[in-house]
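# Chain and residue survey
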Amino acid sequence: MQKALFPGYSVGPDAYEDIANICPAYGKTAAIIGGKHALAAAEDKIRKAVESSGIEIIGTFWYGGEASRENMEMLRPQVADADMIFAVGGGKAIDTCKVLAHETNRPFFTFPTIASTCASCTSLGIVYHPDGSLREYSFSKIPPDHIFIDTEIIANAPVRYLWAGMGDTMAKHYECTISCRNDVPAHSDAMGIALSSMCAEPIVRWGEQAMADCEAHRVTPELTEIIEAIIISTGFVSNFVQVDYTTGMAHAMYNGFTILPTTEEYHHLHGEVVSYGILVMLTADKQYAERDRLLAFNRSIGLPTHLADIHARPEDLPGHRRPGLALPRRPANADRRGDGAGAGRLTRQGGPFPSEKVRKPPGASGLDRPVAPGVILSFGERNSRLREAAWEIPPA
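Residues numbered from 1 in each chain as written. Predicted model: local features only at pLDDT ≥ 70, side-chain atom pairs only at ≥ 80, totals over all residues. Heavy atoms only, no water.

### Observations concerning the overall build of the chain
To keep things clear, this is the line we draw: Helical segments are the DSSP runs of H or I of at least four residues, strand segments are the runs of E of at least two, and each set is numbered from the N terminus. Whether a residue is buried, partly exposed or exposed follows from its accessible area with a 1.4 Å probe, protein chains only, as a fraction of its type maximum: under 20%, in between, or over 50%, in that order. Contact between two residues is taken to exist if any of their heavy atoms lie within 4.5 Å; hydrogens are not considered. Here the accessible surface of atoms and residues is derived via Shrake-Rupley with a 1.4 Å probe, and residues count as covered only by protein chains that are part of the display.
Of the regular secondary structure elements, the chain holds 15 helices and 9 strands. Expressed as a percentage of the 396 residues in the chain, the buried residues total 59%. Of the contacts formed within the chain by residues at least 6 apart in sequence, a portion of 79% connects residues at least 24 apart. Put simply, the chain shows about 15,600 Å² of open surface, and 52% of that area lies on carbon and sulfur atoms.

### Some words on the environment of Pro-7
The residue Pro-7 is located in the segment before β1 (8-11) in this model. Separated by 102 residues in the primary sequence, Pro-7 and Phe-109 have C-alpha atoms spaced 9.1 Å apart. In this view, Pro-7 contacts Cys-121, Pro-143, Pro-144, Asp-145, His-146, Ile-147, Phe-236 and Asn-239; residues no more than four positions away in its chain are not counted.

### A closer look at empty space enclosed by the protein
Quick note on the threshold: For each structure, a 1 Å grid was placed over the protein atoms alone; sets of points admitting a 1.4 Å probe that cannot get out are labelled cavities, open sets with protein on both sides within 12 Å along at least five of seven lines are labelled pockets, and lining residues have an atom within 4 Å of a point. Grid points are joined across faces, edges and corners, and a volume is the space filled by probe spheres set on the points.
Overall, the coordinates contain 2 cavities of 30 Å³ or more when judged by the stated rule. In this structure, the second largest cavity occupies an estimated 40 Å³ of space. Lining of the second largest cavity is provided by Gly-89, Gly-90, Gly-91, Ile-94, Pro-112, Ile-114, Ser-116, Thr-117, Ala-119 and Ser-120.

### What to know about the pairing of strand β3 (residues 56-62)
Going by this rule: Should DSSP find at least two bridges between two strands, the strands are taken to pair. For crossovers, right-handed means that the path from the first strand over the helix to the second runs clockwise, given strands pointing away from the viewer.
Strand direction decides the pairing type here: strand β2 (residues 29-34) and β3, joined by 6 bridges, are parallel. Considered in β3, the bridge of Ile-32 is made with Thr-60. The parallel pair β2 and β3 is bridged by helix α2 (residues 36-50), and the resulting crossover is right-handed.

### Brief notes about the nonpolar core
Where we set the bar: Buried Ala, Val, Leu, Ile, Met, Phe, Trp, Tyr and Cys residues that are joined via side-chain atoms within 4.5 Å together make up what is termed a nonpolar core.
Core analysis: the largest hydrophobic core is formed by 66 residues, its most contacted members being Leu-162 and Ile-231. With residues near it in sequence (within four places) discarded, Leu-162 still touches Ala-115, Ala-210, Met-211, Cys-214, Leu-223, Ile-226, Ile-227 and Ile-230.

### Focus on the sheet that holds strand β4 (residues 84-89)
Short version of the rule: Note on method: axes are straight lines fitted to C-alpha atoms, helices fitted across the in-contact stretch only, with angles between N-to-C directions ranging 0 to 180 degrees.
The parallel open sheet is built from 6 strands, whose spatial order is β1-β8-β5-β4-β2-β3. The open sheet has two edge strands with one neighbour each: β1 and β3. Between one strand and the next, the sheet's axes are offset by a mean angle of 20°, whatever the strand orientation. Where β4 and strand β5 (residues 108-112) come together, 5 bridges link them in parallel fashion. Across the sheet, residue Ile-85 finds its bridge partner in β5, namely Phe-108. Contacting β2, β3, β4 and β5, α2 runs over the sheet at an angle of about 175° to β3. Docked against the sheet, helix α4 (residues 91-104) engages β2, β4 and β5, running at close to 165° with respect to β4.

### Some thoughts on the side chain of Arg-106
Under the convention used in this document: In protein, a polar contact requires one atom able to donate a hydrogen and another able to accept it; more generally it is a pair of N or O atoms within 3.5 Å, and residues adjacent in sequence count only if both atoms are side-chain atoms.
Tracing the chain through its elements places Arg-106 in the loop between α4 and β5. For Arg-106, the side chain forms a polar contact with the main-chain oxygen of Val-79, separated by 2.9 Å. Ignoring any residue separated from it by four or fewer positions in sequence, one finds Arg-106 in contact with Val-79, Ala-80, Asp-81, Ala-82, Asp-83, Ile-85 and Ala-101.

### Section: the confidence of the model for the chain
Stated formally: pLDDT runs from 0 to 100 and stands for how confident the predictor is about each residue.
For the chain, per-residue confidence averages 84 on the pLDDT scale, and 80% of positions sit at 70 or higher. Note that residues 326-387 has pLDDT below 50 and, in this model, 168 contacts with residues that lie over four places away or in other chains.

### Examining the packing of helix α6 (residues 159-179) against helix α9 (residues 221-240)
Applied cut-off: Here the angle decides the label: under 35 degrees means roughly parallel, over 145 means roughly antiparallel, 65 to 115 means roughly perpendicular, and every other value means oblique. Should the near helix be turned anticlockwise from the far one by less than a right angle, the crossing is left-handed, and should it be turned clockwise, the crossing is right-handed. Under the scheme applied here, ten amino acids are nonpolar (Ala, Val, Leu, Ile, Met, Phe, Trp, Tyr, Cys and Pro), four are charged (Asp, Glu, Lys and Arg), and all others, including Gly, are polar.
Running from N to C, α6 and α9 cross one another at 40°; their axes reach a closest spacing of 10 Å. When the axis of α6 is compared with that of α9, the two are oblique. Considering only the axes of α6 and α9, their crossing is left-handed. On α9, the residues touching Leu-162, Gly-165, Met-166, Thr-169, Lys-172 and Cys-176 of α6 are Leu-223, Ile-226, Ile-227, Ala-229, Ile-230, Thr-234, Val-237 and Ser-238. When the residues that make up the contact of α6 with α9 are grouped by side-chain class, the tally is 9 nonpolar, 4 polar and 1 charged.

Below, the structure is given as structure tokens:
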């Protein structure tokens, strides 16, 4: 049996009012978990909305500051008496709650307070080491039951999160369309790939205006469009499409850069680094016209166009070689979503990534399939294509 689960969502300054209509069906007690700034922005509104629902809030807990196994274990006893989890904040706070909910068999609801990734919509969780470097992907078939998107809270959040979110969102379209090349995608994959166009064009069309609106703390149609693209469009693509298609070279570059000390030291955001990876990917794929169009967009809003923009230098990269995360290729007819029985995690593998991930048929130009999402890029001899592409990006 194949089964697909997708979250509902409520969007607007009054989105939390829907808590009383949706959450009581899932139990009588809830734990609120999130980041410190996120809880300061959202907790009072959540508690007020819950008053008429009959749900008891058993406590509010900080997620620990990193989406790490250590913090998930720390939170287990805190949620022991909760029927459901309210996950509040950005991607790492929400992924902490998501994996915790999956592993303790609890329903969970997300309350994104920034629009920086699609984490609040997806079933995939990303787990890091305490130092911020990538540890593993945690796969499940279960997304949040509902997403409550308060656009007023997001409009009052620092604009840099929206800025980075646009970079992460655009990657979904380019990674999907390159990764599926020369394949005949199954139904779910094909729907997600078609939907991925909603992850690129709205960003280029409305992104600059949305940033101005966010800086002015105004909820506008343009800002709402961008929030929905970052959280909903990208999240639905991720839920429809197998990870072998939906995460490619741009995210591989981010995974690699997490082991550079400067990425954490200068607080570079996920989507910020991914946006630079898109330019490298399009260069490697010889989509020069599209690369130049996005290059101009990146410059217009200040997203990275040089390694120096993310505090990296060419000489930093060859020294950072280590095994990546080996991603098994999913058969087209595999059941990817359902009761969670197939949940699993990727672990580090010492061997090279399977060659099928980067196959290139005779006579093909560009990339048949981008470097696999888990590969930690070293820009050494085995990744010379990426090294060359990174230096081909035109200077400002």
